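The chain contents come next:
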Amino acid sequence: MQNYDLKQGDAYELPVKITQDGVDIDLEEVERIEFMIGRHLRRLYPDDVTTDETEEEGLVFNVPVEQTETMEIRSGQILRLDVRVKFNSGMVLGATEKPVISIGESYSGEVL
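S.K.: A description of the sheet that holds strand E8 (residues 58-65) should follow, citing residues and the corresponding values.
M.R.: The antiparallel open sheet is built from 3 strands, whose spatial order is E2-E8-E7. Only two strands of the sheet have a single neighbouring strand rather than two, namely strand E2 (12-16) and strand E7 (50-54). The sheet shows a mean angle of 30° between the axes of neighbouring strands, taken without regard to direction. Where E2 meets E8, 5 bridges bridge the pair, whose relative direction is antiparallel. From the neighbouring strand, glutamate 13 faces E8, where its bridge partner is proline 64.

Written out as structure tokens, the structure is:
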């Protein structure tokens, strides 16, 4: 998984790849995926998170963050992205790698 740089006030979709043994996970085997940005921003697939699939990138999850949410994060703060996958079988696996999300300062502090 990659690291991310966000700025306060960004409204953005974080592109997240999830693989198992180097291969994209099979969505037909997935019941739910939890994406935690820090300890307070939670997004769920399929409820909040969409996917794209291209030949070049493979399967990518688009995890949305809103302006008001990123504006509330302190500038300079470092967050981690934690991912857990619940499979149809009932098995739940968490990602061992937790990418860093760095937050840059917005001078205006206003939501557009």
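S.K.: I'd like a description of the packing of aromatic side chains, backed by residues and values.
M.R.: Counting across every chain of the model gives 2 aromatic pairs. For the pair phenylalanine 35 and phenylalanine 61, a centre-to-centre distance of 5.8 Å together with 45° between the ring planes defines the contact as tilted. One end of the pair, phenylalanine 35, is in strand E5 (residues 30-37); the other, phenylalanine 61, is in strand E8, with 26 residues separating them in the sequence. Assigned by exposure class, phenylalanine 35 and phenylalanine 61 land together as buried. Ring centres of tyrosine 45 and phenylalanine 61 lie 5.4 Å apart, and the angle between their planes is 85°; this geometry places the pair in the edge-to-face category. Here the residue tyrosine 45 occupies a position in strand E6 (residues 41-45), and phenylalanine 61 occupies one in strand E8, the gap between them amounting to 16 residues. With respect to class, tyrosine 45 is no different from phenylalanine 61; both count as buried.

S.K.: Could you give an account of the nonpolar core, naming the residues involved and the relevant values?
M.R.: Residues Val16, Ile18, Ile33, Phe35, Ile37, Phe61 and Ile101 are the most contacted members of the largest nonpolar core, which totals 26 residues. If you list the elements that add at least two residues to this core, you get strand E1 (4-7), E2, E5, E6, E8, strand E9 (78-87) and strand E11 (100-104). A per-element tally of this core places E9 first, with 5 residues. Residues in contact with phenylalanine 61, not counting those within four places in the same chain, are Leu14, Pro15, Val16, Ile18, Ile25, Leu27, Ile33, Phe35, Tyr45, Val49, Thr50 and Thr51.

Procedures and definitions
- Residues numbered from 1 in each chain as written.
- Predicted model: local features only at pLDDT ≥ 70, side-chain atom pairs only at ≥ 80, totals over all residues.
- Heavy atoms only, no water.
- Pairing = 2+ DSSP bridges.
- Helix = DSSP H or I, 4+ residues; strand = E, 2+ residues; numbered from the N terminus.
- Axes fitted to C-alpha atoms, helices over the stretch in contact; angles between N-to-C directions.
- Phe/Tyr/Trp six-rings, centres within 6.5 Å; stacked < 30°, edge-to-face > 60°.
- Buried < 20%, exposed > 50% of the residue type's maximum accessible area, 1.4 Å probe, protein only.
- Core = buried A, V, L, I, M, F, W, Y, C linked by side-chain atoms within 4.5 Å.
- Contact = heavy atoms within 4.5 Å.

Interpretation note: all reported values are geometric properties and have no functional meaning in isolation.
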